[in-house]
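Here is what each chain is made of, one letter per residue.
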Amino acid sequence: GAVVSQHPSWVICKSGTSVKIECRSLDFQATTMFWYRQFPKQSLMLMATSNEGSKATYEQGVEKDKFLINHASLTLSTLTVTSAHPEDSSFYICSASGFRQGTDTQYFGPGTRLTVL
Amino acid sequence: RKEVEQDPGPFNVPEGATVAFNCTYSNSASQSFFWYRQDCRKEPKLLMSVYSSGNEDGRFTAQLNRASQYISLLIRDSKLSDSATYLCVVNPSGAGSYQLTFGKGTKLSVIP
């Protein structure tokens, strides 16, 4: 299967700081990338969908000014959590999909565990 | 009704047992269905797609009943390594859309 990486794998930060998470597709061109969040014992919740070169589409209830998404190339998308607070502590996972992989197949990154103190 | 609902679990089964998970989805227009596996503190990994005719991959069998909007996963001869959370996943929009909707997952523990 295709390889998707995320960096960092975990991060601890102080309340009020911003954190940037990178998602890279290493061996294919990802026309679409997704950002999910998962709280303990909960399902993955889609936060936003981004297509390369265009603005991200955010799910209802997700603040676009707080969770900034950039998908400037076919291999890289970034999620920046601005002014992070303890309630933003979660497991953030990206996934990527491309035409070659088929319309339904998403390949997930290993996730980033964010802890906001 | 939630978009994708699964057995709450947890399922604790002995090695070698057969275990079945069920899932229902609310959007009758859904076209694509999957089972993913998620290990603790890890990302989900695709286990198998689910086709209308049913499909089998080794010890794993998936079935889809469109009329009842019901998906199942059967695991035969359970191994310790099967211990994980199994996620029922639906693409509610069908071909051309990449979005997936995840169920909450069913936790399986296979006991020696």
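The sections below set out a description of the structure shown in this document. As the structure is a computational prediction, the values presented were derived from the model and not from experiment.

How each quantity is defined
- Sequence order as written defines residue numbering, which begins from 1 separately in each chain.
- Labels follow written order: the first chain is A, the first ligand is 1, and so on.
- A pLDDT threshold of at least 70 governs which residues receive local features in this predicted model, and a stricter bar of 80 or more applies before side-chain atom pairs are shown or counted, although totals over entire chains, interfaces and linings include all residues.
- Hydrogens and water are ignored here; the side-chain numbers use all heavy atoms of the structure.
- In this description a helix means any DSSP run of H or I spanning at least four residues, a strand means any run of E spanning at least two, and both kinds are numbered starting from the N terminus.
- For the exposure calls, accessible area comes from a 1.4 Å probe over protein chains only, and a residue counts as buried if that area is under 20% of its type's maximum, exposed if over 50%, partly exposed in between.
- Surface exposure here means Shrake-Rupley accessible area, sampled with a 1.4 Å probe, where a residue is shielded only by the protein chains that are shown.
- His is not counted, nor are the chain ends; Lys and Arg add positive charge and Asp and Glu add negative charge.
- For charged residues, the charge sits on one atom: NZ in Lys, CZ in Arg, CG in Asp, CD in Glu.
- Two cysteine sulfur atoms form a disulfide, by the criterion used here, when they sit within 2.5 Å.
- Contacts are assigned to residue pairs with any non-hydrogen atoms lying within 4.5 Å of each other.
- Accessible surface is computed with a 1.4 Å probe, and the buried area is the amount of it that two parts give up when combined, taken over both parts together.
- By definition, a salt bridge exists where a carboxyl oxygen of Asp or Glu is found within 4 Å of a side-chain nitrogen of Lys or Arg.
- Polar contacts here mean pairs of N or O atoms no more than 3.5 Å apart (in protein, one a potential hydrogen donor and the other a potential acceptor; neighbouring residues in sequence count only if both atoms are side-chain atoms).
- Residue classes follow a fixed rule: Ala, Val, Leu, Ile, Met, Phe, Trp, Tyr, Cys and Pro count as nonpolar, while Asp, Glu, Lys and Arg count as charged, and any other residue, Gly among them, counts as polar.

## Considering the overall build of chain B
- What chain B contains, in helices and strands, is 0 helices and 11 strands.
- For chain B, the sequential pattern of α-helices and β-strands runs β-β-β-β-β-β-β-β-β-β-β.
- Its C-alpha atoms put chain B at 40 × 30 × 25 Å along the principal axes.
- Counting all 112 residues of chain B, 47% fall into the buried class.
- For chain B, the exposed surface amounts to about 5400 Å²; the carbon and sulfur share of it is 48%.
- Side-chain charges in chain B split into 12 positive and 10 negative, and the spacing between the mean points of these groups amounts to 4 Å.

## Some points on the state of the cysteines
- Applying the stated rule across the entire model yields 2 disulfides over all chains.
- Here Cys23 of chain A engages in a disulfide with Cys94 of chain A; their sulfurs sit 2.0 Å apart. Because the torsion about its S-S bond is 80°, the bridge between Cys23 of chain A and Cys94 of chain A counts as right-handed. Taken together, the residues span a long stretch of sequence, with Cys23 of chain A in strand β3 (residues 19-25) and Cys94 of chain A in strand β9 (residues 90-97) at a distance of 71 residues.
- The partner cysteine of Cys23 of chain B in its disulfide is Cys88 of chain B, sulfur to sulfur 1.9 Å. Around the S-S axis, the bridge from Cys23 of chain B to Cys88 of chain B shows a dihedral of about -75° and counts as left-handed. Within this pair, whereas Cys23 of chain B is found in strand β3 (residues 19-25), its partner Cys88 of chain B is found in strand β9 (residues 84-91), the two being separated by 65 residues in sequence. Both residues of the pair, Cys23 of chain B and Cys88 of chain B, belong to the buried class.
- Of all cysteine sulfurs in the structure, the one in Cys94 of chain A sits closest to Cys13 of chain A, which takes part in no disulfide; the separation is 18 Å.
- There is no disulfide at Cys40 of chain B, and the cysteine sulfur nearest it, in Cys94 of chain A, is 19 Å away.

## Let's talk about the interface of chain B and chain A
- With 20 residues of chain B in contact, the opposing surface of chain A contributes 25 residues.
- Summed over both partners, the interface of chain B with chain A comes to about 1700 Å²; 54% of that surface belongs to carbon and sulfur atoms.
- In this structure, the connection of chain B to chain A is made through 0 salt bridges.
- Between chain B and chain A we count 1 residue pair in polar contact (both at pLDDT 80 or more) in total.
- With 4 residues, the top contributor of residues to the side of chain B that touches chain A is strand β4 (residues 32-38) of chain B.
- Looking at the side of chain B that touches chain A residue by residue, the classes come out as 8 nonpolar, 8 polar and 4 charged.

So far we have only geometry, and geometry alone does not tell us how the molecule works.
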